[in-house]
Amino acid sequence: MPEDETELDVLGVFSHPDDAELSVAGTLLKLKSQGYRTGVLDVTRGEMGTRGTPEGRAEEAREAARVMGLDIRRNLGQPDGHVWPTEESRRAMVRVIRAHRPKVIFTPHWDDPHPDHANTCRLVREAARLASMRRYDEEAGQAAVQVPAVAHSIYSRLILPSFIVDVSDFVEEKMRAIRAHASQFYRADALEPETRISDKNFLNQIEWRMRYYGSLIGGAAGEAFYVREALNIDDPVALLTRPMNIYS
Ligand SMILES: [Zn+2]
């Protein structure tokens, strides 16, 4: 089977097939519009979900990838509800990182209440480091890579953003990518059981959160990220004269 080795600038790695859309779709859309090559790796097929089937969810993920203009979308096939940084999952993640060589990875924060999200974060951080070690998984025949930068998508009020991306121009497209996962979200005619995210108000709350983060930078919508490492800034004047909100 020929392996897809499209080189990427940015790779979003999230646990379930709609997580990337809910978390970073605005930023992925913006980066795509700036000419970057973007991709998403879903760690599981979401087979534990109350609504939808793995096959239906894969179809929805393909449609959302088209809306987001992704260059690649892959699935790591780990068991939903049982994501762990095991040797097998680390090796699989390292192989994807080495195949696509992203410069930046977006992933959840380790302090996320969903165990799959927190473990996806751990898995990404470990694999990002291991992918740079020449002797790790040598038998796969892939070259080691530079350690990609990892930026964590955040929701908790307890984690202060390291930066916020202004996604004001991408709100409608982001919501369209989210709604491509039709089995998961509110539909008046849905016959499957209600869940937290299929509540009518859930998508409103996702949008309000974007509006809130946007307000912190004086914009209409934003997505917030946390970076564990110190940011190396070349031009503090250019950085600090971007629009801001002194009441943030
Ligand atoms: Zn999830």
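Here goes a summary of the coordinates provided. These figures come from a predicted structure and were not determined experimentally. (Residues numbered from 1 in each chain as written. Predicted model: local features only at pLDDT ≥ 70, side-chain atom pairs only at ≥ 80, totals over all residues. Heavy atoms only, no water.)

### Things to note about the sheet that holds strand β5 (residues 149–153)
Thought 1: Taken in spatial order, the 7 strands line up as β3-β2-β1-β4-β5-β7-β6 in an open sheet, and their pairing is mixed. Of all strands in the sheet, those with a lone pairing partner are β3 (72–78) and β6 (163–166), marking the two edges. The sheet shows a mean angle of 30 degrees between the axes of neighbouring strands, taken without regard to direction.
Thought 2: Sheet topology note: the strand β1 (residues 10–14)/strand β4 (residues 104–108) ladder contains 3 bridges and is parallel. Paired with G12 across the bridge in β4 is F106.
Thought 3: Sheet strands touched by helix α6 (residues 200–216): β6 and β7 (222–226). Its angle to β7, the strand with the most contacts, is close to 75 degrees. (Pairing = 2+ DSSP bridges. Helix = DSSP H or I, 4+ residues; strand = E, 2+ residues; numbered from the N terminus. Axes fitted to C-alpha atoms, helices over the stretch in contact; angles between N-to-C directions. Contact = heavy atoms within 4.5 Å.)

### Focus: α6
Since the α-helix turns once every 3.6 residues, residues separated by three or four places project in the same direction.
Thought 1: All buried positions along α6 are accounted for by F202, L203, I206, M210, Y213, G214 and L216. Viewed along the axis of α6, the buried residues span an arc of 165 degrees, placing them on a single side of the element. Turned more than 90 degrees off the buried face of α6, the exposed positions are K200 and W208.
Thought 2: Where α6 is buried, its residues meet α1 (19–33), β6, α5 (171–179) and β7.
Thought 3: At the N-terminal end of α6, a side-chain oxygen is found 2.9 Å from the backbone nitrogen of N201, two or three residues along, and the residue is D199.
Thought 4: Count one or two residues on from α6 and you reach G218, which has phi positive near 70 degrees. (Buried < 20%, exposed > 50% of the residue type's maximum accessible area, 1.4 Å probe, protein only. Arc of directions from axis to C-beta. Polar contact = N/O pair within 3.5 Å; in protein donor to acceptor, adjacent residues only side chain to side chain.)

### Thoughts on the coordination of the zinc ion
Thought 1: Looking at the zinc ion, the protein donor atoms are H16 (ND1), D19 (OD), D19 (OD) and H117 (NE2), and they sit 2.1 to 2.4 Å from it.
Thought 2: Viewed at the metal, the 4 donor atoms of the zinc ion are separated by angles of 57 to 123 degrees, and the geometry they form is irregular.
Thought 3: Mapped onto the polypeptide sequence, the residues donating to the zinc ion form the spacing pattern H-x2-D-x97-H. For the pair shown, H16 and D19 are each scored as buried. (Donors = N, O, S within 2.8 Å, 3.2 Å for Na, K, Ca; no water. Tetrahedral: all angles 85-135°; square planar, octahedral: opposite > 155°, others 65-115°.)

### Considerations on the nonpolar core
Thought 1: L28, M68, F106, I178, F185 and F202 are the most contacted members of the largest nonpolar core, which has 32 residues in total.
Thought 2: Sorting the residues of this core by element identifies β1, α1, α2 (54–68), α5 and α6 as the ones contributing at least two each.
Thought 3: Looking at this core, the element that brings in the most residues is α1, giving 6 residues.
Thought 4: Excluding residues within four positions of it along the chain, M68 makes contact with E21, A25, L28, L29, K32, R73 and A177.
Thought 5: If you look at the next biggest cluster of nonpolar residues, it comprises 22 residues, including V43, I97, I105 and Y136. (Core = buried A, V, L, I, M, F, W, Y, C linked by side-chain atoms within 4.5 Å.)

### So, the packing of α1 against α2
Thought 1: Following both chains from N to C, one finds α1 and α2 inclined at 35 degrees, their axes separated by 9 Å at the closest point. Between α1 and α2, the residues in contact are E21, A25, L28, L29 and K32 and A64, V67 and M68, respectively.
Thought 2: A breakdown of the residues in the contact of α1 with α2 according to their chemical character gives 6 nonpolar, no polar and 2 charged. (Nonpolar A, V, L, I, M, F, W, Y, C, P; charged D, E, K, R; others polar.)

### Considerations on the pattern of salt bridges
Thought 1: According to the stated counting rule, one finds 17 salt bridges in the structure shown.
Thought 2: The salt bridge partner of D9 is K103, with a shortest N-O separation of 2.8 Å. A residue pair is termed long-range when its members are at least 10 positions apart, and D9 in the segment before β1 and K103 in the loop between α3 (87–100) and β4 qualify at 94 residues.
Thought 3: On the basis of relative accessible area, D9 is assigned to the buried category, the value being 8%.
Thought 4: Between E229 and R125 there is a salt bridge, with its nearest N and O atoms 2.7 Å apart. Taken as a pair, E229 in the loop between β7 and α7 (236–240) and R125 in helix α4 (residues 115–130) lie far apart in primary sequence, 104 residues in all.
Thought 5: We classify E229 as partly exposed; its relative accessible area is 36%. (Salt bridge = Lys/Arg side-chain N within 4 Å of Asp/Glu carboxyl O.)

### Description of α3
Thought 1: A rise of 1.5 Å per residue sets the reference length of α3, with its 14 residues, at 20 Å; its end C-alpha atoms lie 20 Å apart and thus fit the reference within 8%.
Thought 2: The set of residues buried in α3 consists of S89, M93, V94, V96, I97, R98, A99 and H100. (Expected span 1.5 Å × (residues − 1).)

### Regarding the pairing of β3
Thought 1: Here 5 bridges tie strand β2 (residues 38–44) to β3, and the two strands are oriented parallel to one another. Paired with G39 across the two strands is I72, which belongs to β3.
Thought 2: Each parallel crossover has a hand, and for β2 linked through α2 to β3 it is right-handed. (Right-handed = clockwise from strand over helix to strand, strands pointing away.)

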